[in-house]
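Spelled out from the first residue to the last, the chains are:
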Amino acid sequence: CPNTRCATSSSDVHEFAESSRFPIVVKAAAAWLSPKLNVSGVRSERELLDLWHRTASPENPNLLLQEYIPSGEDWFFHGYCNGASDCLAGFTGLKLRSSPPHAGITTLGRSVGNAALAHQARALLKAISYAGIMDLDYRFDKRDGQYRLLDFNPRIGAQFRLFVDDNGLDVARALYRDLTVQTVRRS
């Protein structure tokens, strides 16, 4: 993961600014609490503090500060893990376009196999004993050749229908088949 902090005070913001390089990515930690707060990049500590003061409050700090990973390939992993954290359906894809550009939801994506990313995602899911559907967003960091986890969404992703295997299995169908005690052939 990139260096990330959920700021709960202006001192958290100062500390993160001092220990990070700009630009810094700022987004809502809980998007449903601040639907008008878009993902944005800030280029200075002053700009970061101004954003904090405009959008945060002691009752609802809701700002996630994240190290900026220079533009690289944006990938996603959609999957379903059963109660034993076995990934029964797992798919990788490449984000080709987003809104807002380079920071928002996928507006054009493609299903592309990526064995290294699939292995990394499955290992993470097993390590945290995850069960359920997930939508993970990654960026390939050209500086060190690593895939950096940007978002972990414990829900079905907007572009989940990009990922359907030869038998019509997607993550929603994998979940349904597993919960109704039907056979789920690994996808």
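Residues numbered from 1 in each chain as written. Predicted model: local features only at pLDDT ≥ 70, side-chain atom pairs only at ≥ 80, totals over all residues. Heavy atoms only, no water.

Engineer: Now, about the packing of helix α1 (residues 10-19) against helix α2 (residues 45-55): what can you tell me, with residues and values included?
Structural biologist: Viewed as axis vectors pointing N to C, α1 and α2 meet at an angle of 155°, and their least axial separation amounts to 10 Å. As far as their axial angle goes, α2 and α1 are roughly antiparallel. The crossing of α1 and α2 is right-handed. In this structure, α1 contributes Ser-10, Val-13, His-14 and Ala-17 to the contact, and α2 contributes Glu-45, Leu-48, Leu-49 and Trp-52. Classifying every residue of the contact of α1 with α2 by side-chain character gives 5 nonpolar, 2 polar and 1 charged. (Axes fitted to C-alpha atoms, helices over the stretch in contact; angles between N-to-C directions. Helix = DSSP H or I, 4+ residues; strand = E, 2+ residues; numbered from the N terminus. Parallel < 35°, antiparallel > 145°, perpendicular 65-115°, else oblique. Left-handed = near helix turned anticlockwise from the far one by under 90°. Contact = heavy atoms within 4.5 Å. Nonpolar A, V, L, I, M, F, W, Y, C, P; charged D, E, K, R; others polar.)

Engineer: Which residues make up the packing of aromatic side chains, and what are the values?
Structural biologist: What the rule picks out here adds up to 5 aromatic pairs. Consider the rings of Phe-76 and Phe-163, whose centres lie 5.7 Å apart with planes at 75°: the pair is edge-to-face. Highlighted residues: Phe-76 in strand β5 (residues 74-81) and Phe-163 in the loop between β9 (146-153) and α4 (171-179), separated in sequence by 87 residues. When sorted by exposure, Phe-76 lands in the same class as Phe-163, which is buried. An aromatic cluster is defined as three or more aromatic residues linked by ring pairs; in this entry it consists of Trp-75, Phe-140 and Tyr-147. (Phe/Tyr/Trp six-rings, centres within 6.5 Å; stacked < 30°, edge-to-face > 60°. Buried < 20%, exposed > 50% of the residue type's maximum accessible area, 1.4 Å probe, protein only.)

Engineer: Mind laying out the state of the cysteines, listing which residues take part and the relevant values?
Structural biologist: Summed over all chains, the structure comprises 0 disulfides. Of all cysteine sulfurs in the structure, the one in Cys-87 sits closest to Cys-81, which takes part in no disulfide; the separation is 4.3 Å. Residue classification places Cys-81 among the buried positions, given a relative accessible area of 1%. Here Cys-87 falls in the buried class, since its relative accessible area comes to 9%. (Disulfide = S-S within 2.5 Å.)

Engineer: Give a description of the side chain of Gln-66 that names residues and reports values.
Structural biologist: Checked against the element boundaries, Gln-66 lands in strand β4 (residues 63-67). Gln-66 gets classed as buried once you look at its relative accessible area, which sits at 4%. Among the polar contacts listed, one links the side chain of Gln-66 to the side chain of Thr-4, at a separation of 3.4 Å. With residues near it in sequence (within four places) discarded, Gln-66 still touches Pro-2, Asn-3, Thr-4, Phe-16, Ile-24, Val-25, Lys-27 and Leu-150. (Polar contact = N/O pair within 3.5 Å; in protein donor to acceptor, adjacent residues only side chain to side chain.)

Engineer: Quick one: what's the story with the pattern of salt bridges, residue by residue and with numbers?
Structural biologist: This model, assessed by the stated rule, comprises 12 salt bridges. The salt bridge partner of Arg-139 is Asp-74, with a shortest N-O separation of 2.6 Å. Note that Arg-139 is positioned in strand β8 (residues 132-141) and Asp-74 in strand β5, a separation of 65 residues in sequence. Take Arg-139 and Asp-74: they sit in the same class, and that class is buried. Of the charged contacts in the structure, one is a salt bridge between Asp-86 and Lys-126, with a shortest N-O distance of 2.9 Å. Taken as a pair, Asp-86 in the loop between β5 and β6 (87-99) and Lys-126 in helix α3 (residues 115-127) lie far apart in primary sequence, 40 residues in all. Given the relative accessible area of 41%, Lys-126 is considered partly exposed. (Salt bridge = Lys/Arg side-chain N within 4 Å of Asp/Glu carboxyl O.)

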